[in-house]
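Results of the structural survey
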Amino acid sequence: MKHFVILLIALTVVRISNAQFYENNGIYLSSEINTGNYTIGIDFNLNYTYKEKYSFKLGYLANLSKPESKPEDYIPGIEKVLSFGLFGPFDEIVNYQMGLGKIYKLNDAGKARLNLSLGFAYSKIRNIISWQKRNTLLLTSNYAINYRSYNTGSLIINPKLEFPIVGFYGLTVSPILVINKYETYFGIGVGQIIGIIKKKN
């Protein structure tokens, strides 16, 4: 009987603590596809919110762009043809980001909110700087490509409209601006959020 009472008390405490955690905290994943002055990008984040007023995120943002300098007579190698050209050549920027935000509810039901996020990122940039024509077989491209790589810090401004459809799923629309001394990326993304998004009404 003693063990049963202890177990009952423990389960009650866990249930109450879970309810309190759900009431004040949110943890969810967000994923978006974006486009802008880079052709295409993806954005994945782990998000934490406190009392649906403040937010914190850790994430990964990567963007690819077809280089404007690509020669008109460029021919991809057979490996690019077989992959439908999905592996380049591209200019690219990859950001490992962290952000803090303030959340504003746009309606009383909590079905729309604005998450104003400002953050910083460690950015890795790789740009094509030259193309050298060569005679080659179909297995490889007819141009040798030279890249220049940079590592730098970036400022990320990312206000996000979030639409929690239910407590665990929603949609997002978000403009994004990435600024550093080498590149500036601006675009807009659409995506989804999954997890503990908002407290129960």
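In this text, all values refer to a predicted model and were calculated from it rather than measured experimentally. (Residues numbered from 1 in each chain as written. Predicted model: local features only at pLDDT ≥ 70, side-chain atom pairs only at ≥ 80, totals over all residues. Heavy atoms only, no water.)

1. Considering the side chain of Arg113
- Among the structural elements, Arg113 can be located in strand 5 (residues 113–133).
- A polar contact of 3.2 Å, which involves the side chain of Arg113, links it to the side chain of Glu52.
- At 2.7 Å, the side chain of Arg113 forms a polar contact with the side chain of Glu162. (Helix = DSSP H or I, 4+ residues; strand = E, 2+ residues; numbered from the N terminus. Polar contact = N/O pair within 3.5 Å; in protein donor to acceptor, adjacent residues only side chain to side chain.)

2. Brief notes about the confidence of the model for the chain
- Averaged over every residue, the pLDDT of the chain is 84; the share at 70 or more is 80%.
- For the chain, the element scoring lowest by mean pLDDT is helix 1 (residues 2–24), at 49; strand 8 (residues 169–179) scores highest, at 96.
- In the predicted structure, residues 2–18 sits below a pLDDT of 50 and forms 0 contacts with residues beyond four places in sequence or in another chain. (pLDDT = per-residue confidence, 0-100. Contact = heavy atoms within 4.5 Å.)

3. Side note on the pattern of salt bridges
- By the definition in use, this model includes 6 salt bridges.
- A salt bridge links Glu52 to Arg113; its shortest N-O distance comes to 3.2 Å. Of this pair, Glu52 sits in the loop between strand 2 (40–50) and strand 3 (54–65) while Arg113 sits in strand 5, placing them 61 residues apart in sequence.
- Exposure remark for Glu52: the relative accessible area of 10% places this residue in the buried category.
- The buried category is assigned to Arg113, whose relative accessible area is 2%.
- We note a salt bridge from Glu162 to Arg113, for which the minimum N-O separation is 2.7 Å. One end of the pair, Glu162, is in strand 7 (residues 160–166); the other, Arg113, is in strand 5, with 49 residues separating them in the sequence. For the pair shown, Glu162 and Arg113 are each scored as buried. (Salt bridge = Lys/Arg side-chain N within 4 Å of Asp/Glu carboxyl O. Buried < 20%, exposed > 50% of the residue type's maximum accessible area, 1.4 Å probe, protein only.)

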